[in-house]
Amino acid sequence: MSFQERFSLNFIEKGRYKYLVSGIENTLLITIVAAAIGIALGFLIAIIRSTHDKTGRLRILNALCKLYLTVIRGTPTTVQLLIVYFVIFSSVSRPMLSAFIAFGLNSAAYVAEIVRSGIMSIDPGQTEAGRSLGLSYAQTMTYIIIPQAFKNVLPALTNEFIVLLKETSICIAISLRDLTYGTQLISSQTYDYMFPLLAGALIYLVIVVFLTWLFGKLERSLRKNER
Amino acid sequence: MNGEVLLDIQGLEKHFGDNKVLRGITTQIRKGEVVAIIGPSGCGKSTFLRSLNLLEEPTGGKILFEGTEITGTKVDVNHIRRKIGMVFQQFNLFPHLTIRRNITLAPVKLGILDKHEANRRADELLKRVGLPDKADAYPEQLSGGQKQRIAIARAMAMNPDVMLFDEPTSALDPEMVGEVLEIMRELAESGMTMVVVTHEMGFAREVATRAIFIDEGVIKEDNTPEEFFRSTQNERLKDFLSKVL
């Protein structure tokens, strides 16, 4: 079979490319929703943890957060996804919702530690300057510390979201039709593994390169303030 | 000195674990005074200054600000700090904000001035510290001396009743010390109440209305600058002055 024939068989005939298109949609949707949950929950945890580290308050919340981080970071993402899908939603089949929750909660743990390190890296003099002007702890965090911390950890966050995007490929474990599963659906019909898988890999690569470029641009525009 | 008492410090103590940095400091700061705090490094003078706006929480003793005890538990620290400006050795400008935003952030977010008023006030203050064209610059673009002048303007934007200076010229290159001291001198002449931890003996002698020598966590000498520098009887102070003058 020639290259064109294999290409046509795998992607054109019976509109098989649609498996990839809808797969991309699902992969991106899961990544975006999980990243949003990860950012919201991750920042919250980071703020609780760093507030505890700096002031000694919020001891119980901090202990809960630490427990959460230990469990999430100490177990495989695949197992977490399977638990959410088969145990928590055992009576209903909700693969997308399961993926949102599992990846969101997972990502939050990593985002939290990245952001916390960013907050802790800001010179204590910044907090003192804010507080000495009469700003509350929360206002100082919001207007002075978090914006600087965010800028500092943006490269690490970019990395985390790229890992997240690629990790969504384990959705195959709950038969969710993401990009990776799309390639397998094509293979199962055409008995060709190379073309669909290489196509899938290429698509992941293009998305990752694009995201890296996009975040790099954001980072540069935030940095230009300082020169 | 018979101005109204702004800060009334009674038996102030501060311990860091077993390290007793302040061992009972009692003094009053009156309106219009410029008090220079002098002492060897590690004597507790910065800790004393930082206790006055509760950046350090005192271990013992009392501080009354304008008649209200601020060391109590029921006090709104944030509200009190609005009236006590502070200038740091390391400037601590906010690097992610323009100079204008550095100055207007607190008054605007605390609802004291609206954005328009705050910008006008910032322009006014920038003129006063001699940097009217730096409003849209970022801190990194300024020299150390300029940063410290902005830090003074930022503290003044809150219209404080007293300003605390924690070694404001110690982190500066020698040629920039003068410009900062000049701003502080003008501020003193305008009637601002100031407490200044400093190693600048010239400033203490010429601008301060009172000089306090802190050593081993207590006040060893509290006098007018003339007496302080010329005719002190305190051996420790004599010894210290002979080393720094």
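Worth saying up front: this structure is predicted, and the values here are computed from it rather than measured. (Residues numbered from 1 in each chain as written. Chains lettered and ligands numbered in written order. Predicted model: local features only at pLDDT ≥ 70, side-chain atom pairs only at ≥ 80, totals over all residues. Heavy atoms only, no water.)

Student: Please clarify how the pairing of strand 10 (residues 218-223) of chain B should be interpreted in this entry.
Tutor: On any regular strand, side chains alternate: one points to one face of the sheet, the next to the other face. Bridge count between strand 9 (residues 210-215) of chain B and strand 10 of chain B: 5 bridges; the pairing is antiparallel. Among the inter-strand pairings, Ile214 of chain B is bridged to a residue of strand 10 of chain B, identified as Ile219 of chain B. (Pairing = 2+ DSSP bridges. Helix = DSSP H or I, 4+ residues; strand = E, 2+ residues; numbered from the N terminus.)

Student: How should I be thinking about the sheet that holds strand 3 (residues 34-38) of chain B in this particular structure?
Tutor: In a beta sheet, neighbouring strands pair by backbone hydrogen bonds and run either parallel or antiparallel. All names here are of chain B. Judged by pairing direction, the sheet is mixed, and its 6 strands sit side by side in the order 6-7-8-3-9-10 without closing on themselves. On the outer flanks of this sheet lie strand 6 (84-87) and strand 10, each paired with one strand and no other. Going from strand to strand, the sheet's axes swing by 20° on average, the running direction of each strand aside. Pairing analysis gives 5 bridges linking strand 7 (residues 162-166) to strand 8 (residues 193-197), with the strands arranged parallel. (Axes fitted to C-alpha atoms, helices over the stretch in contact; angles between N-to-C directions.)

Student: Would you take a moment to explain the environment of Leu28 of chain A for this structure?
Tutor: Residue and element names in this part refer to chain A. Locating Leu28 in the fold gives a position in helix 2 (residues 17-55). In this structure Leu28 comes out as partly exposed when scored by relative accessible area, which is 32%. Sequence-wise, Leu28 and Lys166 are 138 residues apart; in three dimensions their C-alpha atoms are separated by 10 Å. (Buried < 20%, exposed > 50% of the residue type's maximum accessible area, 1.4 Å probe, protein only.)

Student: Just checking my understanding: could you explain the nonpolar core for this structure?
Tutor: Side chains of a nonpolar character, in soluble globular proteins, are inclined to be buried together. In this structure, Phe103 of chain A together with Ile9, Phe48 and Leu52 of chain B are the most contacted members of the largest nonpolar core, which totals 71 residues. Per-element accounting of this core gives the leading share, 10 residues, to helix 7 (residues 137-167) of chain A. Each residue touching Ile9 of chain B, except ones within four places of it in the same chain, is listed here: Ile25, Thr26, Thr27, Ile29, Phe48, Leu52, Lys62 and Ile63 of chain B. Counting residues in each nonpolar core, the second largest holds 49 residues, with Ala36, Ile103, Leu125 and Ala211 of chain B among its members. (Core = buried A, V, L, I, M, F, W, Y, C linked by side-chain atoms within 4.5 Å. Contact = heavy atoms within 4.5 Å.)

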